[in-house]
Amino acid sequence: MTTLPTLDPTRPASRPAPAGHPLAGAVAAEWTKLWSVRSTWWTLLAAALTMAATSAQLAIYAVNANTDDDPTVNPGVLDVGEVVAGSLELTQYVVLALGLFTITSEFATGTIRTTLRCTPSRGRVLAAKALVVGAVTFGVGLLLGALGAVVARPVLGGWGRAPLGGTVADVFACAAYLALLGVLALGLAAALRGAVLTLTVLFAALMIVPLSLQEPDITVLTRIADAFPGVAGNHFLAGDTEPYPAAVGLLLLAGWAAAALALGRWALARRDA
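In this text the structure is predicted, and so the values were computed from the model without any measurement.

Calculation criteria
Residues numbered from 1 in each chain as written. Predicted model: local features only at pLDDT ≥ 70, side-chain atom pairs only at ≥ 80, totals over all residues. Heavy atoms only, no water. Helix = DSSP H or I, 4+ residues; strand = E, 2+ residues; numbered from the N terminus. Rg over C-alpha atoms; globule rule 2.2 N^0.38 Å. Contact = heavy atoms within 4.5 Å. Areas by Shrake-Rupley, 256 points an atom, 1.4 Å probe, with all protein chains shown as cover. Lys, Arg positive; Asp, Glu negative; His and termini not counted. Charge placed at Lys NZ, Arg CZ, Asp CG, Glu CD. Salt bridge = Lys/Arg side-chain N within 4 Å of Asp/Glu carboxyl O. Buried < 20%, exposed > 50% of the residue type's maximum accessible area, 1.4 Å probe, protein only. Phe/Tyr/Trp six-rings, centres within 6.5 Å; stacked < 30°, edge-to-face > 60°. Patch = residues over 30% accessible without salt bridge, like charges linked within 9 Å, V, L, I, M, F, W, Y side chains within 5 Å. Arc of directions from axis to C-beta.

Trainee: What am I meant to see in the overall build of the protein here?
Mentor: The secondary structure content of the protein amounts to ten helices and two strands. Reading the protein from its N terminus to its C terminus gives the helix and strand order α-α-β-α-α-α-β-α-α-α-α-α. For 273 residues, the compact-globule estimate of 2.2 N^0.38 gives 19 Å, and the C-alpha radius of gyration of the protein, at 24 Å, exceeds that figure by more than 25%. Viewed in the frame of its principal axes, the protein has a C-alpha envelope of about 105 × 40 × 35 Å. Counted over contacts in the protein with a minimum sequence separation of 6, partners at least 24 positions apart contribute 77%. Here the protein has roughly 14,700 Å² of accessible surface; of this, 68% comes from carbon and sulfur atoms. A gap of 25 Å separates the mean positions of the 16 positive and 16 negative side-chain charges of the protein.

Rendered as structure tokens:
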């Protein structure tokens, strides 16, 4: 005869193992999706080639400017970090593809419906994508910054210097800049849905509109341009103190990224997939 176990009232009841946080599962899914498509790897290769080529080109320009017969354009000895930061002006548009394609590709193929069935909370989906894009573009920024410094230093020769502390700080600044731009691209893409439209708006916000405002050299318009994400990011990368400290430039860029995510969240909640 089998005896049933008796319950001991003094012994605490066992609890089931806690399930993983829903956001963690969504992040894992987005991480897997990002690295399982070939376009991610092609984008990283294109970014590396663009960074290397641009850094070498800017370094050659600096050497030529220092050795020609026109002393008015002599830049003198440059920190490698200046070349790396300047190289991002072109390379950033390649890295932005990681942010916008993370969601526009799903809209284009219809897989966004599967994503939302697996994770019904649209805010959680966007948060997971933002965490993955931010982490990946930050890591990519570290690699690209290091690559740019390694390429530019020998090309600069005696016209360049690479203090360890300053170079490391510049590389991390590039990584932070690209991470925030990646999140900005993701937020806009969630709202606009199309890759071409999103890239057009980003190009306008980062370059065309600020340049148009700065061109007349009118103080009010220049101050407005200083608030745009690309200009704010450049002030941060350059370590400027005018028209505001570099930290303010970083905060402005972070504000643009947060606003883009909020816009994307609002659009996702009010439209059908």
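Trainee: Even after reading the chapter, I still don't get the environment of Ala24, so can you show me in this structure?
Mentor: Tracing the backbone shows Ala24 in helix H1 (residues 22-35). The sequence separation of Ala24 and Leu202 amounts to 178 residues, and the corresponding C-alpha distance is 29 Å.

Trainee: In this structure, what is going on with the pattern of salt bridges? I would like to understand it.
Mentor: Side chains that differ in sign of charge can pair as their charged atoms come close. Per the stated rule, a full pass over the model turns up six salt bridges. A salt bridge links Asp79 to Arg161, with the nearest nitrogen and oxygen atoms 2.6 Å apart. Taken together, the positions of Asp79 in strand S1 (residues 78-79) and Arg161 in strand S2 (residues 160-161) put the pair 82 residues apart, joining distant regions of the chain. One salt bridge connects Asp226 with Arg223, and the closest N-O pair in it is separated by 2.9 Å. Of the two residues, Asp226 and Arg223 both sit in helix H8 (residues 219-226), three residues apart, roughly one turn of that helix. Classification of Asp226 by relative accessible area gives buried; the value is 5%. Beyond isolated ion pairs, a larger network of salt bridges with shared partners links Glu30, Lys33, Glu106 and Lys129.

Trainee: Explanation requested: unusual backbone geometry in the structure shown.
Mentor: In terms of backbone geometry, most residues other than glycine have negative phi values and most peptide bonds are trans. Following Glu242, the chain continues into Pro243 via a peptide bond in cis, with omega recorded as 5°. Here Pro243 lies in the loop between helix H9 (229-238) and helix H10 (246-270). Of note in the backbone geometry, Arg193 takes a positive phi value of approximately 75° without being a glycine. With respect to the secondary-structure elements, Arg193 resides in the loop between helix H6 (164-192) and helix H7 (195-214). Within the chain, Asp217 stands out as a residue other than glycine whose phi angle is a positive 60°.

Trainee: Can you help me understand the packing of aromatic side chains in this one?
Mentor: Between two aromatic rings, the relevant description is the distance of the centres plus the angle of the planes. If you walk through the whole model with that rule in mind, you get five aromatic pairs. Measuring from ring centre to ring centre gives 6.2 Å for Phe138 and Phe172, while their planes differ by 55°; the resulting arrangement is tilted. Here Phe138 is found in helix H5 (residues 122-156), whereas its partner Phe172 is found in helix H6, with 34 residues between them in sequence. Judged by relative accessible area, which is 29%, Phe138 ranks as partly exposed.

Trainee: What am I meant to see in the environment of Asp68 here?
Mentor: Tracing the sequence through the fold places Asp68 in the loop between helix H2 (38-67) and S1. On the accessibility criterion, Asp68 (37% relative accessible area) is partly exposed. C-alpha of Asp68 to C-alpha of Glu215: the two residues are 147 residues apart in sequence and 29 Å apart in space.

Trainee: Any chance you could explain a nonpolar patch on the surface here in plain terms?
Mentor: A surface patch of nonpolar side chains, about 360 Å² in accessible area, is lined by Trp42, Leu45 and Leu49. Within the fold, Leu49 resides in helix H2.

Trainee: Hey, could you run me through H8 in this one?
Mentor: Given 3.6 residues to a turn, an α-helix orients residues that are three or four positions apart in the same direction. Every buried residue belonging to H8 is among Thr222, Ala225 and Asp226, and all of these are buried. Relative to the axis of H8, the buried residues are bounded by an arc of 105° and lie together on one face. Where H8 is buried, its residues meet H7, H9 and H10.

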